[in-house]
Amino acid sequence: MIDIKLLREKPEFVRAQVARKKFSVDFDAIQACDDERRNVIKEFEVARAAQNAANAEMAKMPKGSPEFIAKVAEMKAVSVKVKDLQNKEKEIEEKWRGLFLTVPNLPHPSVPSGRTENDNVVHSTWGPALDSFPHAKPHYDIAWFSKLVDLERGSKVTGAGFPFLIGDMARLMRALINFCLEEATNGGFTEVMAPLLVNAASATATGQLPDKEGQMYHSPTDDLYLIPTSEVPVTNFFRDETFRADELPVLRTCYTPCFRREAGSYGKDVRGLNRLHQFDKVELVKWTHPDTSFDELESLRQVSEGVLQKLGLPYRVLLICEGDIGFSHSKQYDLEVFAAGQKRWLEVSSCSCFTDFQARRANIRFRDADGKLAFVHTLNGSCLGLPRTFAAILENNLQPDGTVIVPEALRRWVGKDRIGFAS
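Now for a description of the structure that goes with this document.

The rules behind the values
- Residues numbered from 1 in each chain as written.
- Predicted model: local features only at pLDDT ≥ 70, side-chain atom pairs only at ≥ 80, totals over all residues.
- Heavy atoms only, no water.
- Helix = DSSP H or I, 4+ residues; strand = E, 2+ residues; numbered from the N terminus.
- Buried < 20%, exposed > 50% of the residue type's maximum accessible area, 1.4 Å probe, protein only.
- Contact = heavy atoms within 4.5 Å.
- Core = buried A, V, L, I, M, F, W, Y, C linked by side-chain atoms within 4.5 Å.
- Pairing = 2+ DSSP bridges.
- Axes fitted to C-alpha atoms, helices over the stretch in contact; angles between N-to-C directions.
- Phe/Tyr/Trp six-rings, centres within 6.5 Å; stacked < 30°, edge-to-face > 60°.
- Expected span 1.5 Å × (residues − 1).
- Salt bridge = Lys/Arg side-chain N within 4 Å of Asp/Glu carboxyl O.

**Focus on the side chain of Thr-288**
Argument step 1. Relative to the elements of secondary structure, Thr-288 occurs in strand β10 (residues 278–288).
Argument step 2. Residue Thr-288 is classed as buried on the basis of its relative accessible area of 0%.
Argument step 3. Apart from the residues lying within four places of it in its own chain, the contact partners of Thr-288 are Leu-248, Pro-249, Ser-293, Glu-296, Val-376, His-377 and Leu-379.

**As for the nonpolar core**
Argument step 1. By size, the foremost hydrophobic cluster in this structure holds 59 residues, and its most contacted members are Leu-394 and Leu-410.
Argument step 2. Tallying contributions element by element places helix α7 (residues 168–186) first for this core, with 10 residues.
Argument step 3. When residues no more than four places from it in sequence are discounted, the contact partners of Leu-394 are His-139, Ile-142, Trp-144, Phe-145, Met-169, Leu-172, Val-404 and Ile-419.
Argument step 4. Val-14, Ile-92, Trp-96 and Leu-101 belong to the second largest nonpolar core, which has 20 residues in total.

**Remarks on the sheet that holds strand β14 (residues 365–367)**
Argument step 1. Spatially, three strands are ordered β8-β14-β15 in an open sheet, and the strand pairing comes out mixed. Each edge of the sheet is formed by a strand with only one pairing partner; in this case those strands are β8 (242–244) and β15 (373–375). Here the strands of the sheet are splayed against their neighbours by 35° on average, with no regard to which way each runs.
Argument step 2. By the bridge criterion, three bridges tie β14 to β15 in an arrangement that is antiparallel.

**A short note on the packing of aromatic side chains**
Argument step 1. What the rule picks out here adds up to 11 aromatic pairs.
Argument step 2. Ring centres 5.7 Å apart and planes at 20° place the aromatic pair Trp-126 and Tyr-315 in the stacked group. A residue pair is termed long-range when its members are at least 10 positions apart, and Trp-126 in strand β1 (residues 121–126) and Tyr-315 in strand β11 (residues 315–319) qualify at 189 residues.
Argument step 3. Exposure remark for Trp-126: the relative accessible area of 31% places this residue in the partly exposed category.

**What about helix α10 (residues 293–310)?**
Argument step 1. In a regular helix each residue adds 1.5 Å, so 18 residues correspond to 26 Å; α10 covers 26 Å between its end C-alpha atoms and thus fits that length.
Argument step 2. Along α10, the residues classified as buried are Ser-293, Glu-296, Leu-297, Leu-300, Arg-301, Val-303, Ser-304, Glu-305, Gly-306, Val-307 and Leu-308.
Argument step 3. Following α10 by one or two positions, Gly-312 adopts a phi angle in the positive range, close to 70°.

**Examining the pairing of strand β13 (residues 344–353)**
Argument step 1. Of all 10 residues making up β13, eight are buried, and the element is well covered by its neighbours.
Argument step 2. In textbook terms, the turn of a hairpin is the stretch between consecutive antiparallel strands, and for strand β12 (residues 331–339) and β13 this stretch comprises four residues, one of which, Lys-343, has a positive phi near 55°.
Argument step 3. Relative to strand β16 (residues 377–385), β13 is paired through three bridges, and the arrangement is antiparallel. From the neighbouring strand, Ser-352 faces β16, where its bridge partner is Asn-380.

**Some thoughts on helix α3 (residues 27–60)**
Argument step 1. With 34 residues, α3 extends 50 Å from end C-alpha to end C-alpha; this agrees with the ideal 50 Å at 1.5 Å per step.
Argument step 2. In this fold, the buried residues of α3 make contact with α1 (4–9), α2 (11–19) and α4 (66–100).

**Quick notes on the pattern of salt bridges**
Argument step 1. Across all of its chains, the model carries 22 salt bridges by this definition.
Argument step 2. Linking Glu-93 and Arg-37 is a salt bridge whose minimum nitrogen-to-oxygen distance equals 2.8 Å. Of the two residues, Glu-93 sits in helix α4 while Arg-37 sits in helix α3, which places them 56 residues apart along the sequence.
Argument step 3. Under the relative-accessibility criterion, Glu-93 is labelled partly exposed at 28%.
Argument step 4. The salt bridge partner of Arg-360 is Asp-356, with a shortest N-O separation of 3.1 Å.
Argument step 5. Several salt bridges share partner residues, and in doing so they unite Arg-8, Asp-34, Arg-37 and Glu-93 into one network.

Written as C-alpha cells, this is what we have:
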C-alpha cells in the first residue's frame, strides 16, 4: 500500500498519479472513511483516558464509601461506552483497510505515458535477425509435439491447460529449470524451495488480493490459494520482520510450478504452450534499500537477459507504459522472446520494482545505522516463465528432418544435442 500520509497531505497528487494507471479508485469514499476512522479513534482515546483517570481516582477512595460506590456506577457506564467505541473502531478500521487496499502503487516518473500494451516502449533488443530461422514452424504443428506434450490426456486427467510432458520434453523442461537456477545462484541469489499454497494475508501482502482474486485457484475449506507465482510465498518469507541496513540487499531465487485460471483467454494465445493453467517458473526476488532499488531493478533484468542470451533466443525488452503496468508495480520491464514459427513475440519475464508498496502491506522494514525504522523496497522478476521459453526453443531450433537442436547451455542436463523424432 502507499503511505497514508501522502494521500492525506497531497490528495490531488495521488489522484493524478493513480489516474495514469488503469485502475479505478473511489477516493471520495476512502477520504470519508478515513475522516470517520480518525474521529472514532480520537473519541475512543478520549473515553479510554477518562476511564483510566476514573480508575486512578477510585484507587484513592476508601472501598465501600458513598463516593466509591457512586464512582463504580459511573464507571460501568464509561466501560460500556469504551467497549462500544472499541468495537466501532475495529469495524471502521476493517472498512478503511478494505478501501485503502484498492489504491494501486504510484508509477515511477520514468514510466512512459500510454493506455494500452501498444504504447509500451521497446527499450532494447538482442539476437539474430528474425528471419534467420528458415525451418521454423509453430511448436504445436511439429509432427511429434502431441506425442511428447500430451495436452489431450492432461485435459482428461485435470482439464485444459494442464499438459503431460513426456521423455525428451520432460528432460528439456528440467534442464531449463536447472539452468535458470544455476544462473541465478551464480548471480548471487540464494535458492529456496517454497510452499505452493498461501494464505490470504500472503496474497494481500504482494498485491494479488484484492486485485486478482479471479485469476487464482482457491480452496474455500482451508481459505488457501494456489500460488500464481513464487513471488508470493518468497516475498512473505520476511513478513513482519526487520533487517539491518547492512544486510540489504537480500536476494532469493525459487523454482515452483505456478497456477493461474487465465480467465478470458482464447484463440491463438492459448494454443500449445502459449498459455497454461499450470506452468513452471523460476523467480528472482530482492529486498533492497530504498536508495538503490531502481539500480537493483536494472541488475535484476540483466540476470534474465543473460539466460536468454545463453539460450541463443532473440528477445526484446519492453518498458511498460503507465496504462499497462501492474497494480503493485512502480516500474516494470517485460522480456519477450521471438517465436519464429508463430512469428510473434512471447512474454517470458516481467521484472518489476514495487518500491515500499508490498513492504508496507507485509510490514517488512529495516533499521538504519541511526536506529531509524523504514520500509524496504521489494523487486521481483521471472527467470524465466518456462513454457513459452520452451516453445521458442522448439520453434527456432527446428531442423529440416524434424528434430530440434538443444541449446548448448542445456545439453549436460538433456544428455543429447538433438531431441524429437526425425521425419
